Amino acid sequence: MTSEEFNDCLDRIKRGDNRGLEPIYLDYYEKLVLTANCELHDRWKAEEVASSVMTAIFKNAANYGRIKCPDAWMYKAVKFAAIKCKRSFRNEVLTDFEGSSQPAKDEKITFRIAFRDALKNCSERQSEIIQLHFVYSLNIRKTAKLMGISVSTVKREIAVIREKLRFLKNIE
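Sequence positions are assigned chain by chain, starting from 1 and proceeding in written order. Predicted model: local features are reported for residues with pLDDT of at least 70 only, side-chain atom pairs are reported and counted for 80 or more only, and whole-chain, interface and lining totals are derived from all residues. Calculation of side-chain values draws on the structure's entire complement of heavy atoms; hydrogens and water are dropped beforehand.

1. Focus: the environment of Val53
Position of Val53 relative to the elements: it lies in helix α3 (residues 43-60). Exposure is judged per residue with a 1.4 Å probe applied to protein chains only, and the accessible area is read against the type maximum: over 50% gives exposed, under 20% gives buried, and values in between give partly exposed. The buried category is assigned to Val53, whose relative accessible area is 6%. C-alpha of Val53 to C-alpha of Tyr29: the two residues are 24 residues apart in sequence and 9.1 Å apart in space. Secondary structure elements follow DSSP: runs of H or I no shorter than four residues count as helices, runs of E no shorter than two count as strands, and numbering proceeds from the N terminus.

2. Re the side chain of Thr143
Note on placement: Thr143 falls in helix α7 (residues 140-147). Excluding anything up to four places from it in sequence, Thr143 contacts Ile129, Leu132, His133, Leu138 and Val154. Residue contacts are defined here by distance: any two heavy atoms, one from each residue, within 4.5 Å place the two residues in contact.

3. Thoughts on α7
Listed in full, the buried residues belonging to α7 are Thr143, Ala144 and Met147. In an axial view of α7, the angular spread of the buried residues amounts to 100°, which keeps them on one side of the axis. Away from the buried face of α7 by more than 90 degrees, exposed residues Arg141 and Lys145 are located. On its buried side, α7 packs onto α6 (124-135) and α8 (151-165). What qualifies as a polar contact is a pair of N or O atoms within 3.5 Å, subject to a donor-acceptor requirement within protein and to the restriction that residues adjacent in sequence count only when both atoms come from side chains. Of the residues that open α7, the one with a side-chain oxygen 3.2 Å from the backbone nitrogen of Arg141 is Asn139. A positive backbone phi angle near 75° is found at Gly148, which sits one or two residues after α7. This arc is built from the directions going out from the helix axis to the C-beta atoms.

4. Details of the packing of α6 against α7
Running from N to C, α6 and α7 point in directions that differ by 130°, and their axes come no closer than 10 Å. With respect to each other, α6 and α7 are oriented oblique. Crossing of α6 over α7 shows right-handed handedness. Contact residues: Arg125, Glu128, Ile129, Leu132 and His133 in α6; Ile140, Thr143, Leu146 and Met147 in α7. The classification used treats Ala, Val, Leu, Ile, Met, Phe, Trp, Tyr, Cys and Pro as nonpolar, Asp, Glu, Lys and Arg as charged, and all other residues, Gly among them, as polar. Class assignment of the residues belonging to the contact of α6 with α7 gives a composition of five nonpolar, two polar and two charged. Axis geometry follows a simple rule: fit a line to the C-alpha atoms, using only the stretch in contact for helices, then measure angles between N-to-C directions, giving values from 0 to 180 degrees. With respect to orientation, any angle under 35 degrees is reported as roughly parallel, any angle over 145 as roughly antiparallel, any angle of 65 to 115 as roughly perpendicular, and every other angle as oblique. Each crossing gets its hand from how the near helix is turned against the far one by less than a right angle, where anticlockwise is left-handed and clockwise is right-handed.

As structure tokens, then:
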């Protein structure tokens, strides 16, 4: 979605046209869920966070000015919402273990654990590059622009990330 299209949708919402949110939802909701899930490691909570971001856009559209880069703006919004959710979740006391989900037998638990452990060894910048380039499938130039760094820095970081994750090829 271009900046102009995004701002047109916000303008529609400001005028009271509820349908203005639909194009934003269709274009961004799943991306927001994926980003939140990378932070929370819980699909259900990630969907809650993505929904709360959409609700906030709907409720607060009148307070927003022109958005120059909607991709980055949405990414930051969901990132902050996920961190806030994570902090509040840390403060909860879990007392009921009934209904805890068991992973499906066909899931590659070993791979998932190894992948999460490998991501812990990545810097915050590398994690953002993983999300933008590999999860959102943005090209290197767009990833660099959104992050405010050079294309060569993104290429170098991708090489480092690939080296850190190379051992995952051997995990079945």
